[in-house]
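Structural description and commentary
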Amino acid sequence: MADRLVCRDCHRIQQNEEIEACVACGSTSLTEDWAGYVVISHPEESDIAEEMEVTEPGQYALKVR
């Protein structure tokens, strides 16, 4: 899992390692240096999603360097 890319801006875990930009926000700031993993399925009902400012369901990294 650590070989997946994560967006530094929105923390979304990218499913395709060969992409050049985040599929969620369009940022080109992607990294392999991340830790922690959370799946948010209902962001409108989630305290974690609110804290992370997540509005779309998906897989997110908790710590991105």
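My aim in this report is to walk through the structure given alongside it, one point at a time. (Residues numbered from 1 in each chain as written. Predicted model: local features only at pLDDT ≥ 70, side-chain atom pairs only at ≥ 80, totals over all residues. Heavy atoms only, no water.)

To continue, consider unusual backbone geometry. Phi is mostly negative for residues that are not glycine, and the peptide bonds are mostly trans. Phi at H11 takes a positive value of approximately 70°, unusual for a residue other than glycine. The topology assignment puts H11 in the loop between β1 (6-7) and β2 (30-31). A positive phi is found at E53, a non-glycine position, where the angle reads about 60°. Note that E53 resides in the loop between α1 (47-52) and β5 (58-60). (Helix = DSSP H or I, 4+ residues; strand = E, 2+ residues; numbered from the N terminus.)

Here the focus is a negative patch on the surface. Judged by side-chain charge, D3, E17, E18 and E32 come together as a negatively charged surface patch. Looking at the secondary structure, you find E32 in the loop between β2 and β3 (34-35). (Patch = residues over 30% accessible without salt bridge, like charges linked within 9 Å, V, L, I, M, F, W, Y side chains within 5 Å. Areas by Shrake-Rupley, 256 points an atom, 1.4 Å probe, with all protein chains shown as cover. Salt bridge = Lys/Arg side-chain N within 4 Å of Asp/Glu carboxyl O. Lys, Arg positive; Asp, Glu negative; His and termini not counted. Charge placed at Lys NZ, Arg CZ, Asp CG, Glu CD.)

Right, let's get into the pattern of salt bridges. Using the criterion set out here, one finds one salt bridge in the structure. R65 is the salt-bridge partner of D33, the closest N and O atoms lying 2.6 Å from each other. You can see D33 sitting in the loop between β2 and β3 and its partner R65 sitting in the segment after β6 (63-64), a full 32 residues away along the chain. By relative accessible area, D33 is classed as partly exposed at 38%. (Buried < 20%, exposed > 50% of the residue type's maximum accessible area, 1.4 Å probe, protein only.)

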